[in-house]
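Residue-level structural notes
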Amino acid sequence: MSAPQRDVPGMLDSLFAVARRDLLLAWKRPGDVLNPLFFFAMVCTLFPLAVGPSAEQLTFSGPGVLWVAALLAMLIALNSLFLSDFDDGSLEQLLVSPQPLPLLAIGKTAAHWLTSGLPLVLVSPIVAITYRMPGSVVVVLMLTLTLGTMSLSLLGSIGAALTVGLHRGTALLSLLILPLSMPVLIIGANTVSLAAGNETYSAGVWALAAYAVGALSLAPFATAAALRISNE
Amino acid sequence: MEGVAMGGYAPYVWTCFGLTLLVLIINEWRIRVRHTSVYRDIEVRIKALEGHE
Amino acid sequence: MATGSGALTTQLSGRDLTLFRGDRCLFQDVGFALQAGELLLFEGSNGSGKTSLMKAMVGLLEFESGVIEWNGKPVGEQRQVFHGSLVWMAHRVGLKADLTLVENLHFESALRPQSADDLDSVLERLDISRLKPLPLRSLSAGQQRRVALARMLLADVPLWLMDEPFTNLDREGRALVMRLVKEHLAKGGLCAMAAHQDVEIDATVKKVVL
Amino acid sequence: MWKWFHQLASPPHFYRIAPVFSTWLLLPGLALIAYGAYAGLFLAPADYQQGDAFRIIYVHVPAAYLSMMAYMIMAVAGGIGLIWRMKLAHSVAASAAPLGAWFTFLALATGSIWGRPMWGTWWEWADPRMMSELILLFFYFGYMALRSAIDDTAKADKASAVLALVGVVNVIIVHYSVQWWSSLHQGRTIMAEGGPAMDPAMLRPLLAMIFGFTLVFGSLLLRRTRTEVLHRERRTRWVRDLILAPEGNS
């Protein structure tokens, strides 16, 4: 070219651009954000109906129920992570961009967490109060859910990338992601239980934080590799 | 005979060993069946395409 | 033979390219060499592997064998440089139907080097500036193609890769594409195109028949 | 050495020599299992706590061991296939998955049967080993489901290799988190910790069983892989020649 070629935009700029675009898309389609939330609320309603409304039972099963419901709601939200990008060809455009794909994957996952994990964390106190959870435990619940849903978003992005474009995607995605997410569920729910029983729970919080950091440093690479494979 | 009785645990112990044997046999059998069927599929296809016999 | 690969000449070449899809061999030992200012045409009937060849060129598919070189160096060793030098206009436009034209193009600007051209003047040239506030889903297929063309014009890259650029375009639109490609080549750019119809252009055209 | 390895990995060559290797693994493997089973059932002394029920260890531990080894083989083979584009490695990974799932199932079944006289229940949720094993089984199911959901073999190979590698990291975390969890709930384990303290008369048959099972597993894996190779290469020239001129030129 006659003029010297201009520089490629910065890597972080592209990360934020991807996140901003996905947030904008979520804003234009609020249903995609709200549906998992309604699902979360409904699963939490089903449990007292099934096992009985006694206060003792609710405080006992509360942490577990909330965590399982949050896990399932995250799973429902995951399906759409790469689906529309795959369908309209914009995934292909991301793959041939000069930006590092793991970073773009982080951008997408971050936007996904902001529109699925964060709302869950914000709604969880309301549900927790109906389960007779004391305030100090609710704080622990929100803290563990924050760290846990981050990990779930990151892990889930791997599964979503592996199954995007497959016909039986949804059921398969659960089959892949649920075993992966078990450590998060185990640590998260039991930490809240420990807090509810007035025992020391900090080890669980640290473990969740470590898991989230580990997931953040490894999962984007797996997601990027999976996206390249799935788009073939 | 005393050894076979396994001090009262015979049903458990022998079921486990039997199950193990079964799993080994099933796997061995499946491998043979699959190999034969893969081999035959290829044979049928090649002969159909190339008109042997 | 493309010799003398000086640092200043932009060139794209492929050697011994073989591609399989599943068990099926799409093509074998295809080669080409493209210099600045030249148009490369992949010709062939539907299903001959034109699209697959182009996808493999940009790295979306893997060649069974063979190598693509950009400025004399295999693209596998300089993925980011190569991707920073191209725009890929695929069959699907790759834009978000829920976002407006401007929002879409604004996002694209964070991915690739951008030319100095002003967004408004580019939209004006493509005759889509009145569509600016509309979400892409309310645009016709032909108008969406034009937005994809705007993405190409706004990127400051030497290599244009176009898969069936004339689909969904009327006669006027096709003439527009040809004019844009010609200008790009005249500026020293390169263009590779898969097309199943004849392309009439006043430039050096190399053909690969699949 | 490298050349030899490459030659071994070429499909026709592998197809030809796999049965030979397989037999040489199978026969000593079966002999070891025969000895181990006999000695374990009749020669080894009964455990002072569990009585004769402890003899289930002679099939449970090898099965559990193989369930994990198969997963490691699957992940390592997948990684090799992904990085060095070695097609044989993907065939190995594809063949190891169902075998591994079978041994995981066997470990779960024998563990559960063992648990019945020991715990008084078929399934003890708080036993960390059984839980890890169960989650491992789910991993296998996910892996095989992903493979079968993708039609294109090359794509299925790569996608499942990524999954297996992610799974390996996670299997380890699952193990520790389950252990922590069961310590909260007073988990009970059937197997005593500290293997070396075992009576040699008990340990010898166990080692023979583990080793024998490994050899038999290797033999099964080789032959499964061989069939997989034949299936994948079904359109190549060497398979055509092999099928049109059978037995004659061996």
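This text goes with the structure placed above it.
Residues numbered from 1 in each chain as written. Chains lettered and ligands numbered in written order. Predicted model: local features only at pLDDT ≥ 70, side-chain atom pairs only at ≥ 80, totals over all residues. Heavy atoms only, no water.

**Overview of the interface of chain C and chain A**
- The interface of chain C with chain A comprises 42 residues on the first partner and 38 residues on the second.
- The contact between chain C and chain A buries some 3400 Å² in all, and 53% of this surface belongs to carbon and sulfur atoms.
- Our count for the contact surface shared by chain C and chain A stands at six salt bridges.
- For D88 of chain A, the salt bridge is made with K96 of chain C, and the minimal N-O distance between the two is 3.0 Å.
- Taken together, the links from chain C to chain A amount to 15 residue pairs in polar contact (both at pLDDT 80 or more).
- Within the residue set of the side of chain C that touches chain A, elements represented by two or more residues are helix 2 (79-83), strand 6 (86-89) and helix 3 (101-108) of chain C.
- Considering only residue class, the side of chain C that touches chain A consists of 16 nonpolar, 13 polar and 13 charged. (Contact = heavy atoms within 4.5 Å. Buried area = accessible area lost by both parts, 1.4 Å probe. Salt bridge = Lys/Arg side-chain N within 4 Å of Asp/Glu carboxyl O. Polar contact = N/O pair within 3.5 Å; in protein donor to acceptor, adjacent residues only side chain to side chain. Helix = DSSP H or I, 4+ residues; strand = E, 2+ residues; numbered from the N terminus. Nonpolar A, V, L, I, M, F, W, Y, C, P; charged D, E, K, R; others polar.)

**Let's talk about the layout of surface pockets**
- Its boundaries defined by the atoms lining it, the second largest pocket holds a volume of some 980 Å³.
- Listing elements by their share of the lining of the second largest pocket, those giving two or more residues are helix 3 (55-78) and helix 8 (169-196) of chain A together with helix 5 (128-149) and helix 6 (153-184) of chain D.
- Looking at the lining of the second largest pocket residue by residue, the class counts come to 22 nonpolar, eight polar and two charged. (1 Å grid on protein atoms, 1.4 Å probe; cavity = no way out; pocket = protein on both sides within 12 Å on 5 of 7 lines; lining within 4 Å. Points joined across faces, edges and corners; volume = space filled by probe spheres on them.)

**Section: helix 8 (residues 237-244) of chain D**
- Among all positions of helix 8 of chain D, only W238, V239 and I243 of chain D are buried. Down the axis of helix 8 of chain D, the buried side of the element spans an arc of 130°, and every buried residue falls inside it.
- The inward-facing, buried residues of helix 8 of chain D abut helix 2 (10-50) of chain B together with helix 2 (11-43) and helix 7 (200-232) of chain D. (Buried < 20%, exposed > 50% of the residue type's maximum accessible area, 1.4 Å probe, protein only. Arc of directions from axis to C-beta.)

**Quick look at the arrangement of the chains**
- The structure contains four pairs of chains in contact, of which chains A and C account for the largest number of contacts.
- A gap remains between chain A and chain B, which never touch, and the nearest two C-alpha atoms on either side lie 25 Å apart.

**Topic: the side chain of K96 of chain C**
- Summarising the element assignment, K96 of chain C is placed in the loop between strand 6 and helix 3.
- Here S90 of chain A takes part through its side chain, which lies 3.5 Å from a polar atom of the side chain of K96 of chain C.
- In this view, K96 of chain C contacts R21, L25, S84, D85, D88 and S90 of chain A together with N104 and L136 of chain C; residues no more than four positions away in its chain are not counted.

**What to know about the sheet that holds strand 7 (residues 159-163) of chain C**
All names here are of chain C.
- Pairing is parallel in the open sheet, where five strands are placed in the order 6-7-8-3-9. Pairing within the sheet leaves two strands with one partner each, and these edge strands are strand 6 and strand 9 (204-209). Averaged over neighbouring strand pairs, the angle between their axes works out to 15° when direction is ignored.
- One ladder, built from four bridges, connects strand 6 with strand 7; its direction is parallel. The residue bridging W88 from the neighbouring strand is L161, located in strand 7. (Pairing = 2+ DSSP bridges. Axes fitted to C-alpha atoms, helices over the stretch in contact; angles between N-to-C directions.)

**Remarks on the side chain of T163 of chain A**
- With respect to the helices and strands, the residue T163 of chain A is situated in helix 7 (residues 135-163).
- A residue is classified by how much of its surface remains accessible, and T163 of chain A, at 5% relative accessible area, is buried.
- At 2.9 Å, the side chain of T163 of chain A forms a polar contact with the backbone oxygen of G159 of chain A.
- Not counting chain neighbours up to four residues away, the residues in contact with T163 of chain A comprise G169, L172, L173 and L176 of chain A together with L146 of chain D.

**Quick notes on the interface of chain D and chain C**
- The interface of chain D with chain C comprises six residues on the first partner and four residues on the second.
- Both sides together, the interface formed by chain D and chain C hides about 370 Å², and carbon and sulfur atoms give 25% of it.
- Taken together, the connections running from chain D to chain C amount to three salt bridges.
- Of the charged contacts, one joins K158 of chain D and E62 of chain C as a salt bridge, the two residues approaching to 3.3 Å between their closest N and O atoms.
- Along the contact surface separating chain D from chain C lie three residue pairs in polar contact (both at pLDDT 80 or more).
- Per-class residue counts for the side of chain D that touches chain C are no nonpolar, no polar and six charged.

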